[in-house]
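Observations on the three-dimensional arrangement
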Amino acid sequence: MQKDTQHLPKLVVILGPTASGKTGLSLTLAKKFNGEIISADSRQIFKKMNIGTAKPKGEWRWNGLRKTFFVEDIPHHLIDFLDPGKVFTVAEFRDKALKYTKMAYQAGRVPIIVGGTGLYISSVVDNYIIPRVNQNPKLRASLSEKSNEELLALLENLDPEAVKIIDVANQRRIIRALEVCILSGERFSKQRKKGDELFNVLQIGIDISREDLYRRINERTEKMMEDGLLGEAQSLLKQKYGWNLSSMNS
RNA sequence: GGUACGGUAGCCAAGUGGUAAGGCAGAGGUCUGCAAAACCUCUAUUCGCGGGUUCGAUUCCCGCCCGUACCU
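For clarity, every value in this text was computed on a predicted model and none was experimentally measured.

**Some details on the overall build of chain A**
For chain A, the count of helices and strands is 10 helices and 9 strands. Seen through its principal axes, chain A has C-alpha atoms that stretch 55 × 50 × 45 Å. Residues counted as buried form 39% of the 250 residues belonging to chain A. Relative to all contacts within chain A whose residues are 6 or more apart in sequence, the contacts with residues 24 or more apart total 72%. Measuring between centres, the 39 positive side-chain charges of chain A sit 5 Å from its 30 negative side-chain charges.

Structure below.
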């Protein structure tokens with residue numbers, strides 16, 4: 001059912017695969033319509049990882065009372081701000097992204113969400129209500145010693161509904177459901193919801209043929225090597241960021 | 001030239017006289033606190049080539065081609 005979203009604040013969303021030209025398009029639109037960019041890229045959030053993530057070149061400048069990353073004079077949010085040793089999650093993305101859209105409206109500007117991380121985008125476009133339970137490494141570790149069958153048995157006890165809605169072969173999902181139930185004392189299936197739409201969304205998908213895309217990715221990779229991808233990787237390794245960090249998966 | 005070992009999917013690789021494990025890559029799909037992730041499904045009518053033995057060979061035998069190591 002198509003809900004009437006005309007009265008809602010406007011939000012532009014640009015999504016597409018790697019190297020499809022999102023960055024270029026977003027800058028053009030932002031300049032034309034007084035926009036402000038919110039990056040939805042699970043890799044470009046990290047500092048010190050510039051070449052490998054194809055992060056657009058920019059600089060941190062004072063923007064009113066806060067420092068902001070500017071690319072060609074367009075403010076960018078949720079980019080180049082996190083230490084590569086840290087973990088970042090959808091929930092945090094959603095909270096921050098919503099905050100930045102609000103700030104953009106207050107400044108009379110149009111927020112433009114740009115990125116390749118689909119889940120991040122749907123978390124705000126589809127307004128996911130994500131259970132507010134932080135991840136608990138100890139609990140996760142102890143649960144992950146059990147088999148999926150044992151975990152499912154536990155979950156069946158705590159929240160039978162959850163067993164029906166999650167991927168029962170995916171241990172990560174079972175553990176998260178258990179984590180939410182155990183730590184909050186409430187059912188995971190009750191907390192995981194989709195809220196009403198928050199924005200009048202203009203979604204722009206970038207369509208590109210597979211051949212063109214592969215060609216562009218190859219060109220980009222060569223460019224990365226020229227720009228010193230290896231050097232960047234080595235310097236990160238030297239700073240004791242191991243290959244096992246989620247940020248190093250590129 | 002001789003001896004030894006090897007030649008299995010795009011790559012790596014197991015295997016058996018009875019009709020081809022697995023991993024990676026690739027394709028498709030799922031997704032609510034790790035999403036460039038995790039999970040699910042699919043992907044060799046065929047085992048270097050040609051003969052032979054056999055009911056049946058990728059597996060045994062013979063020849064050839066190619067690779068690697070060592071020897072003269």
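Now, onward.
**Overview of the side chain of T53**
With respect to the helices and strands, the residue T53 is situated in the loop between β2 (35–39) and β3 (59–63). Polar contacts involving the side chain of T53 include one to the main-chain carbonyl oxygen of N50, which spans 3.4 Å. Contacts of T53, omitting those with residues within four sequence positions, involve R43 and Q44.

**A word on the sheet that holds strand β6 (residues 110–115)**
One open sheet holds the 7 strands; their spatial order is β3-β4-β5-β2-β6-β1-β9, and the pairing between them is mixed. Two strands lie at the open edges of the sheet, namely β3 and β9 (200–205), each paired on one side alone. Averaged over all neighbouring strand pairs, the angle between strand axes comes to 35°, with direction disregarded. Looking at chain direction, strand β1 (residues 10–15) and β9 are connected through 6 bridges and run parallel. Within β9, the position partnered with V13 by the bridge is Q203. Along the sheet, helix α2 (residues 90–106) makes contact with β1, β2, β4 (66–71), β5 (74–77) and β6, crossing β2 at roughly 175°.

About the criteria used
Residues numbered from 1 in each chain as written. Chains lettered and ligands numbered in written order. Predicted model: local features only at pLDDT ≥ 70, side-chain atom pairs only at ≥ 80, totals over all residues. Heavy atoms only, no water. Helix = DSSP H or I, 4+ residues; strand = E, 2+ residues; numbered from the N terminus. Buried < 20%, exposed > 50% of the residue type's maximum accessible area, 1.4 Å probe, protein only. Contact = heavy atoms within 4.5 Å. Lys, Arg positive; Asp, Glu negative; His and termini not counted. Charge placed at Lys NZ, Arg CZ, Asp CG, Glu CD. Polar contact = N/O pair within 3.5 Å; in protein donor to acceptor, adjacent residues only side chain to side chain. Pairing = 2+ DSSP bridges. Axes fitted to C-alpha atoms, helices over the stretch in contact; angles between N-to-C directions.

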